Amino acid sequence: MTKTQAINILKPIINNLAKKHDWIEGKKSLVMSQILLESGWLRHAPGNNCLGIKVPESKIELWQNKQLLWTKEWDKETGKYKRVKAWFMTYPSVEDCIESGYIKTLSLSRYKDTRESLDWWEATDWIKRNGYATSPAYTENLRKTILKNKLYEIDFRHKPDNKITENFKYYETFSNVRIGNRTYLRVIENPPAYDGYRYSLFFRVQIVRNVLGKPLIITPNGCNYRIKQYNAQVGGSEKSQHLTALAVDLCVPRGMTAYGLYEIFKNRTDINGFGIGKNFIHVDLRDKDTVWYY
């Protein structure tokens, strides 16, 4: 089975389960990446157990739907993986494994932080911290799987190329993420609670775009929405308006100055938060008039 085939098999299953379990929304790629890693891209899912779900030790003697398999487990004492035999569940289908095994497990109180995470990036951290896996590299492996295979696209609520206003598309508002020295652009859409902020801001930015009559480009780092970690990585304030999709950083069009662009925003809109740089300006919908310089 190819990676594409595995993804295409899982997509409709996970989308269907998200309709019944709303906490999955925004974190479908978390579920998919875990399945793909645990099952070797669905190549190793004996008894339809695509998540390596074990039979509880207290029920091994009485449990009928089980299979004895070799597996690798992280040994904290040696800091290495070791091969062991363990009893694993069997299921009538992959979907049943996900719902009655995985989703039932994540309904436990200890996974509350995972369920309430704002997005898949946050959830890949919490699921490790909540005790789902012992491997120290589990969070990083999940994130790399999601990013390298663009699994995050299953979590987009709007088609990226659809227009939010006449001249701006949804993907331009999505957050970047950074792993090590590599930045992945526009991979996390803001949570639904911030949609109104995003629309309000870009309604006003579009007004200025219409006045200019030429492209107004969002800077690579200045995406409208930023997740907390990326905002910190680029030096953003802990109270940054980017965290709630209320801000955007814009390149100064050729032939203009940053101050000239600021004046158009100030005169034509009610935007009142401005950070003026050499080749860009930051605009946001804060409550009080504020201007600063980079």
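Residues numbered from 1 in each chain as written. Predicted model: local features only at pLDDT ≥ 70, side-chain atom pairs only at ≥ 80, totals over all residues. Heavy atoms only, no water.

## A few points about the packing of helix α2 (residues 28–39) against helix α5 (residues 120–129)
Phase 1: At a minimum axis distance of 8 Å, the contact between α2 and α5 shows a crossing angle of 50 degrees. Here α5 runs oblique to α2, going by the angle between their axes. Judged by the sense of rotation from one axis to the other, the crossing of α2 with α5 is right-handed. Touching S29, L30 and Q34 of α2 are W120, A123, T124 and I127, all from α5.
Phase 2: Each residue belonging to the contact of α2 with α5 can be placed in one class, and the counts come to four nonpolar, three polar and no charged. (Axes fitted to C-alpha atoms, helices over the stretch in contact; angles between N-to-C directions. Helix = DSSP H or I, 4+ residues; strand = E, 2+ residues; numbered from the N terminus. Parallel < 35°, antiparallel > 145°, perpendicular 65-115°, else oblique. Left-handed = near helix turned anticlockwise from the far one by under 90°. Contact = heavy atoms within 4.5 Å. Nonpolar A, V, L, I, M, F, W, Y, C, P; charged D, E, K, R; others polar.)

## As for unusual backbone geometry
Phase 1: Of note, the phi angle at N48 is positive, near 60 degrees, even though the residue is not glycine.
Phase 2: We classify N48 as partly exposed; its relative accessible area is 26%.
Phase 3: For K150, which is not glycine, the phi dihedral falls at a positive 55 degrees.
Phase 4: Tracing the sequence through the fold places K150 in the loop between α6 (138–148) and β3 (163–165). (Buried < 20%, exposed > 50% of the residue type's maximum accessible area, 1.4 Å probe, protein only.)

## Observations regarding the packing of aromatic side chains
Phase 1: Counted by the stated rule, this structure contains 15 aromatic pairs.
Phase 2: An aromatic cluster is present here, built from Y102, Y111, Y132 and Y138 joined pairwise through their rings.
Phase 3: The ring of W87 carries the charged tip of K66 above its face, separated from the ring centre by 4.7 Å.
Phase 4: The ring of Y199 has R198 sitting right over it, with the charged end atom 5.8 Å from the ring centre. (Phe/Tyr/Trp six-rings, centres within 6.5 Å; stacked < 30°, edge-to-face > 60°. Lys NZ or Arg CZ within 6 Å of the ring centre and 35° of its normal.)

## Remarks on the pairing of strand β8 (residues 273–276)
Phase 1: Residues G273 and G275 point to one face of β8 and F274 and I276 to the other, with burial holding for every one of them.
Phase 2: Sheet topology places β8 next to strand β9 (residues 280–284); four bridges connect them, and they run antiparallel. Within the sheet, the bridge partner assigned to F274 lies in β9 and is V283.
Phase 3: Taking the residues that link successive antiparallel strands as the turn, the β8-β9 hairpin has three residues. (Pairing = 2+ DSSP bridges.)

## Topic: the layout of surface pockets
Phase 1: Roughly 1600 Å³ of volume is contained in the largest pocket.
Phase 2: Forming the walls of the largest pocket are 42 residues, and the residues nearest its centre are E38, L51, G52, I53 and K54.
Phase 3: A per-element tally of the lining of the largest pocket places strand β1 (residues 66–75) first, with seven residues.
Phase 4: Tallied by class, residues from the lining of the largest pocket come to 19 nonpolar, 14 polar and nine charged.
Phase 5: The computed volume of the second largest pocket comes to approximately 350 Å³.
Phase 6: For the second largest pocket, the lining is made up of 19 residues, of which R226, G236, H242, H282 and Y294 are closest to its centre. (1 Å grid on protein atoms, 1.4 Å probe; cavity = no way out; pocket = protein on both sides within 12 Å on 5 of 7 lines; lining within 4 Å. Points joined across faces, edges and corners; volume = space filled by probe spheres on them.)

## Let's talk about the sheet that holds β8
Phase 1: Across the sheet, four strands lie side by side as β7-β9-β8-β10; this open sheet has mixed pairing. Where the open sheet ends on each side, the last strands, each with one partner, are β7 (247–251) and β10 (290–293). Mean inter-strand twist for the sheet, computed between neighbouring axes without regard to direction, equals 15 degrees.
Phase 2: Bridging between β8 and β10 involves four bridges; their strand directions are parallel. Residue pairing in the sheet places F274 in a bridge with V291 of β10.
Phase 3: Here helix α7 (residues 195–212) sits on the sheet and contacts β7 and β9; the angle it forms with β7, its principal contact strand, is near 25 degrees.

## Overview of α5
Phase 1: Looking at α5, one finds that the buried residues are W120, W121, A123, T124 and I127. For α5, the angular spread of buried residues about the axis comes to 170 degrees, placing them on one side.
Phase 2: One side-chain oxygen at the N-terminal end of α5 lies 3.0 Å from the backbone nitrogen of W121; it belongs to D119.
Phase 3: One or two steps after α5, the chain reaches G131, where phi turns positive at roughly 100 degrees. (Arc of directions from axis to C-beta. Polar contact = N/O pair within 3.5 Å; in protein donor to acceptor, adjacent residues only side chain to side chain.)

Remember, this is a structural readout, not a statement about activity or role.
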